[in-house]
Amino acid sequence: MSERRESGFKERTRLTEAVARLREVVDPVDRTERVPVTSAVGRVLAEDVRARRAVPHYDRAAMDGFAVRAEDTFGTSPRSPAVLRTVASSSDGEGGTEHGTDEEENPSVAPGTAVRVHTGSELPAGADAVVKVEDADVRDETVEVGAAVAGGENVAPVGEDVTESETVFEAGRRLRGSDLALCKSVGTTRVEVHARPTVGVVPTGEELVDADPRPGEVVETNGLTVATLVERWGGKPTYRNVVDDERHALRAAIERDLTKDVVVTTGGTSVGERDLVPEVVSDLGEMLVHGVALKPGHPVGFGVVRETPVLLLPGYPVSCLVTAVQLVRRAVKRAGNLPLDPHPGAEATLAEKIPSEVGVRTFARVAIEDGPSEEQDEATEATPTARPVRTGGAGVLSSVAAADGWVPVPESREGIPAGETVTVEDWEFEP
């Protein structure tokens, strides 16, 4: 029997220390790929995006009205309007024949004339301003302008939004939906992005089956959960079949995925007779952390095999979920050159005490309830109430579905009393 099984987890690494050590062994991938901008949302730029064309790429009217020479309106007022002859544009459906000349279809503005334009219309040649429609009074073939305009007024000039060759986005930016629109508007159809990190997800345990379990069997869910989360976090998971608790099988499964950027196993991480994964990783490489001061999830660990980080998640479903969010998420984000944004949090009043152990980071599942709790004064503005769903029960998967988030209890505290304002983290949300 190994020393690990005899001693159990007498010493557990603080979560902050485990995170720091994990960061040291996970390298950002240096592979890049060029992808269509239409499918690049959430991807991280590997090079700058520069505008291939200006936006707008022509001088355009910023208002409905009349394109004019600004000097023709100087000194005008409602009592002394400037009277300009209107020249029909092709968009008006006037002033041209089927065989009309380009000049007739796209008239220029000569001294003493005006051309009707619409928001977004190209500014006619000769014009340098637009009189708003509400400042113009149309009379037959003339328009009376009752307000002077300055040169450039109500005009969006070339490059007002983006100039040609301007750096629109710098390398390292994670592209949002609105970013894709800007890329397309400046003529960028493909962008160079960092490749998504590959992650091998290996569920272990001879008791696991795909469906319809018999007594003593359990439906495999941990690998599915981890693979789904890896996809959401920006990775490219490969969800493997279940591997039995047998040394040669486990060794072969881990070695098979050493071509991945990260390997994640689920199950077989504790100190029982069938918890062989830590020993297999030690035989193949080096275990760096085994046992973290985390609840639920303290049997989690990780090591390195031939320069590939291998994360070992516990088999209890809630423990697996918590450790995936706390460690695998960090590994995937770092490998993928992605920012590690904090989970959004909402303040709530704790309805019941949350117990915890000093020295252990506890994640208590809670449900959010509207309205005041018993500890709140009804005369004050009510804040939502957080009611613990379960503080223990690392194998009770339904408690996760019933929760709206969790409350992290720091290592320095021995629980949180009822009535205290807490922050509920929405770990499901991924920006």
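Values in this document were obtained by computation on a predicted structure and should not be read as measured data. (Residues numbered from 1 in each chain as written. Predicted model: local features only at pLDDT ≥ 70, side-chain atom pairs only at ≥ 80, totals over all residues. Heavy atoms only, no water.)

Draft legend 1. Expanded view of the overall build of the chain. Across its full length, the chain holds nine helices and 26 strands. Of the contacts made within the chain by residues no fewer than 6 positions apart, 75% connect residues no fewer than 24 positions apart. A total accessible area of about 21,500 Å² is found for the chain, and carbon and sulfur atoms account for 46% of it. (Helix = DSSP H or I, 4+ residues; strand = E, 2+ residues; numbered from the N terminus. Contact = heavy atoms within 4.5 Å. Areas by Shrake-Rupley, 256 points an atom, 1.4 Å probe, with all protein chains shown as cover.)

Draft legend 2. Structural context of the sheet that holds strand β4 (residues 65–68). On the basis of which strands lie adjacent, the open sheet formed by six strands has the order β7-β4-β6-β5-β9-β8 and mixed pairing. The sheet terminates laterally at β7 (129–132) and β8 (136–139), the two strands that pair on one side only. Across this sheet, the average inter-strand angle for adjacent strands is 40°, counted without regard to direction. Here β8 runs beside strand β9 (residues 142–145); their pairing, made up of four bridges, is antiparallel. Its bridge partner lying in β9, Arg139 is registered against Thr142. (Pairing = 2+ DSSP bridges. Axes fitted to C-alpha atoms, helices over the stretch in contact; angles between N-to-C directions.)

Draft legend 3. Region of interest: the nonpolar core. Leu22, Val226, Val264, Leu311, Leu313 and Val328 are the most contacted members of the largest nonpolar core, which has 39 residues in total. Among the elements of the structure, α2 (15–25), β13 (198–203), α5 (222–232), β17 (262–266), β18 (286–290), β20 (301–305), β21 (308–313) and α8 (317–335) are those that each provide at least two residues to this core. A per-element tally of this core places α8 first, with eleven residues. If sequence neighbours within four positions are ignored, Val226 has contacts with Val201, Val264, Thr266, Leu313, Cys320 and Ala324. (Core = buried A, V, L, I, M, F, W, Y, C linked by side-chain atoms within 4.5 Å. Buried < 20%, exposed > 50% of the residue type's maximum accessible area, 1.4 Å probe, protein only.)

Draft legend 4. Highlighting empty space enclosed by the protein. In this structure the tally under the stated criterion is one cavity of 30 Å³ or more. Taken as a whole, the largest cavity holds about 30 Å³ of empty space. Considering the residues around the largest cavity, the lining is formed by Arg365, Val400, Ala403, Asp404, Gly405, Trp406 and Trp427. Among the residues forming the lining of the largest cavity, the class breakdown is four nonpolar, one polar and two charged. (1 Å grid on protein atoms, 1.4 Å probe; cavity = no way out; pocket = protein on both sides within 12 Å on 5 of 7 lines; lining within 4 Å. Points joined across faces, edges and corners; volume = space filled by probe spheres on them. Nonpolar A, V, L, I, M, F, W, Y, C, P; charged D, E, K, R; others polar.)

Draft legend 5. Local environment of the environment of Leu250. Among the secondary structure elements, Leu250 is positioned in helix α6 (residues 247–256). Leu250 gets classed as buried once you look at its relative accessible area, which sits at 3%. Ignoring any residue separated from it by four or fewer positions in sequence, one finds Leu250 in contact with Thr204, Val243, Asp244, Asp245, Leu276, Val277 and Val280.

Draft legend 6. Molecular detail of the pattern of salt bridges. In total, this model carries 23 salt bridges according to the counting rule given. Asp72 is the salt-bridge partner of Arg69, the closest N and O atoms lying 3.4 Å from each other. Residue Arg361 is joined to Glu411 by a salt bridge in which the shortest nitrogen-to-oxygen separation is 3.0 Å. Of this pair, Arg361 sits in strand β23 (residues 361–369) while Glu411 is found in the loop between β25 (405–409) and β26 (421–425), placing the two residues 50 residues apart along the sequence. The structure contains a network of salt bridges with shared partners spanning Arg34, Glu47 and Glu192. (Salt bridge = Lys/Arg side-chain N within 4 Å of Asp/Glu carboxyl O.)

Draft legend 7. Structural context of α6. Listing the buried residues of α6 in full gives Leu250, Ala253 and Ile254. Axial view of α6: buried residues confined to an arc of 95°, hence all on one face. In the core, the buried residues of α6 are packed alongside β13, β17, α7 (277–284) and β21. Where α6 begins, the capping side chain belongs to Glu246, and its oxygen is found 3.2 Å from the backbone nitrogen of His248. (Arc of directions from axis to C-beta. Polar contact = N/O pair within 3.5 Å; in protein donor to acceptor, adjacent residues only side chain to side chain.)

Draft legend 8. Region of the structure containing the packing of α5 against α8. Two elements in contact, α5 and α8, have axes whose closest approach is 10 Å; the angle formed by their N-to-C orientations is 30°. With respect to each other, α5 and α8 are oriented roughly parallel. Crossing geometry of α5 relative to α8 is assigned as right-handed. Contacts between α5 and α8 involve Asn222, Thr225, Val226, Leu229 and Val230 on the former and, on the latter, Pro317, Cys320, Leu321, Ala324, Val328 and Val332. Considered class by class, the residues forming the contact of α5 with α8 number nine nonpolar, two polar and no charged. (Parallel < 35°, antiparallel > 145°, perpendicular 65-115°, else oblique. Left-handed = near helix turned anticlockwise from the far one by under 90°.)

Draft legend 9. Spotlight on the sheet that holds β18. Here six strands make up an open sheet; going across it, the order is β16-β13-β17-β21-β20-β18 and the pairing mixed. Only two strands of the sheet have a single partner each, and these edge strands are β16 (236–239) and β18. Neighbour-to-neighbour, the strand axes of the sheet open up by a mean angle of 20°, direction not taken into account. Across the face of the sheet, α7 comes into contact with β17, β18, β20 and β21 while running at roughly 140° to β18.

Draft legend 10. Looking closely at the side chain of Thr323. Residue placement: Thr323 occurs in helix α8. Within the local environment of Thr323, its side chain forms a polar contact with the backbone oxygen of Cys320, the two atoms lying 3.1 Å apart. Not counting residues within four places of it along the chain, the set of residues in contact with Thr323 comprises Leu294, Gly297, Val300, Leu313, Pro314 and Val328.

Draft legend 11. Expanded view of the environment of Val366. Tracing the backbone shows Val366 in strand β23. Classification of Val366 as buried rests on a relative accessible area of 0%. Sequence separation between Val366 and Pro388 is 22 residues; the distance between their C-alpha atoms is 4.1 Å. Residues contacting Val366, with those up to four places away along its chain left out, are Ala386, Arg387, Pro388, Val389, Ala403, Asp404, Gly405, Trp406, Val407 and Val424.

Draft legend 12. Looking closely at the packing of aromatic side chains. Enumeration over the complete set of coordinates arrives at two aromatic pairs. Each ring, one from Trp406 and one from Trp427, has its centre 5.5 Å from the other, and the planes form 20°; the classification is stacked. Taken together, the positions of Trp406 in strand β25 and Trp427 in the segment after β26 put the pair 21 residues apart, joining distant regions of the chain. The pair Trp406 / Trp427 is uniform in exposure class, with both members buried. One aromatic cluster is present, formed by Phe363, Trp406 and Trp427 through successive ring pairs. (Phe/Tyr/Trp six-rings, centres within 6.5 Å; stacked < 30°, edge-to-face > 60°.)

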